[in-house]
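Given next are the chains, with one letter for each unit.
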Amino acid sequence: MAIPIPRDPGIDLTGVPKHWVAGNPVATAISNGINLLFPHGERFFVRSVHHYLDRITDPTLKAQVKAFFKQEGHHASAHDDFNVVLRAQGFEIDRFLDRYAKIAGWLEDRLPAKLNLAGTAAAEHFTAILADGSFENGILDVLDPTMQKLLDACDPRMRELLAWHAAEEIEHKAVAFDVLQQIDPSYWLRIAGLAHATILLSSFWAWSAISLLRQEKLGWRGVRKSLANMKAGPNDGPIITRVFLRGIRQYIRRDFHPSDNANEHLARAWFEKHGMEFTEAA
């Protein structure tokens, strides 16, 4: 694996509409829900890996880690900018963000550093799967921009933000995992990290999405109507199946490595289309 390239595309999110996912409030709430998690989550990933920076002996891996820090820092800042947009749209998000940060911080301070690292490695696997699925379904305009799926109707500024983030997640998908393997290659530590990441990511994501959806005041009838309009593509499915169960099935293999998912071509296609260099594997 080569060294990732930190990029800051400087995407202007001014004017993003309230229901930026095909005008669908439920789909938008689900998407906004994970966006709310990114700033604190990305900075947690950096802290959990940085804790072991001095113990990384491989110079290539250390260079990859430092690039990973920069990429995640850019992601956190970009999603902070999007939170400003959500506030301007009238969403009350700070109560959730404060509670989320307090709970996540409390856990981080009390759990062993190795478990925080293992949780980061597993969470990075989930985010790479999210990125993979988005590109493969044509959602982010890489393989087939003519495909008519729900997220093809995303606001173009949000498509750009999510595509850039997704491509860099694919690019650095193995960094935290490789650090974990160097620090402690225990299979059971890896599985404990998987449980940690699965429980926290799914719980916080559901909480954030519900907190946003309640503010839409749709009622059950409105929610059902929005759900009915969320037509799935051939590779789509519920998040629990498409992301969590798929990720768990892969991660529990004793010989698993993130590079087993050969999806670099998806990121390369997006970067090339936008005139950006892509890290080629050594």
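Caption draft 1: Up close: the overall build of the protein chain. Looking only at helices and strands, the protein chain has 10 helices and zero strands in total. Element order for the protein chain, N to C, with α for helix and β for strand: α-α-α-α-α-α-α-α-α-α. Sorting the 282 residues of the protein chain into buried and exposed places 52% on the buried side. Contacts spanning at least 24 positions in sequence make up 85% of the contacts within the protein chain whose residues lie at least 6 apart. Accessible surface, the protein chain as shown: approximately 13100 Å² in total, 57% of it carbon and sulfur.

Caption draft 2: Structural context of the side chain of T120. Its place among the elements puts T120 in helix α4 (residues 113-136). Judged by relative accessible area, which is 0%, T120 ranks as buried. Aside from chain neighbours lying at most four places away, what touches T120 is F44, F45, S48, V49 and A176.

Caption draft 3: Highlighting the packing of helix α2 (residues 59-88) against helix α5 (residues 156-171). Two elements in contact, α2 and α5, have axes separated by 11 Å at closest approach and are oriented at 160°. With respect to α5, the element α2 is oriented roughly antiparallel. Between α2 and α5 lies a crossing of left-handed hand. From α2, Q71, E72, H74, H75, A78, H79 and F82 reach across to α5, where they touch M158, L161, L162, W164, H165, E168, E169 and E171.

Caption draft 4: Just the side chain of D155, in detail. Within the secondary structure, D155 is located in the loop between α4 and α5. Those residues in contact with D155 that sit more than four places away from it in its chain are V16, P17 and W20.

Caption draft 5: Focus on the confidence of the model for the protein chain. With 86% of its residues at a pLDDT of at least 70, the protein chain reaches an overall mean of 87. Every residue in residues 139-148 is under pLDDT 50, and counting partners more than four places away or in other chains gives 24 contacts.

Rules of the game
- Residues numbered from 1 in each chain as written.
- Predicted model: local features only at pLDDT ≥ 70, side-chain atom pairs only at ≥ 80, totals over all residues.
- Heavy atoms only, no water.
- Helix = DSSP H or I, 4+ residues; strand = E, 2+ residues; numbered from the N terminus.
- Buried < 20%, exposed > 50% of the residue type's maximum accessible area, 1.4 Å probe, protein only.
- Contact = heavy atoms within 4.5 Å.
- Areas by Shrake-Rupley, 256 points an atom, 1.4 Å probe, with all protein chains shown as cover.
- Axes fitted to C-alpha atoms, helices over the stretch in contact; angles between N-to-C directions.
- Parallel < 35°, antiparallel > 145°, perpendicular 65-115°, else oblique.
- Left-handed = near helix turned anticlockwise from the far one by under 90°.
- pLDDT = per-residue confidence, 0-100.

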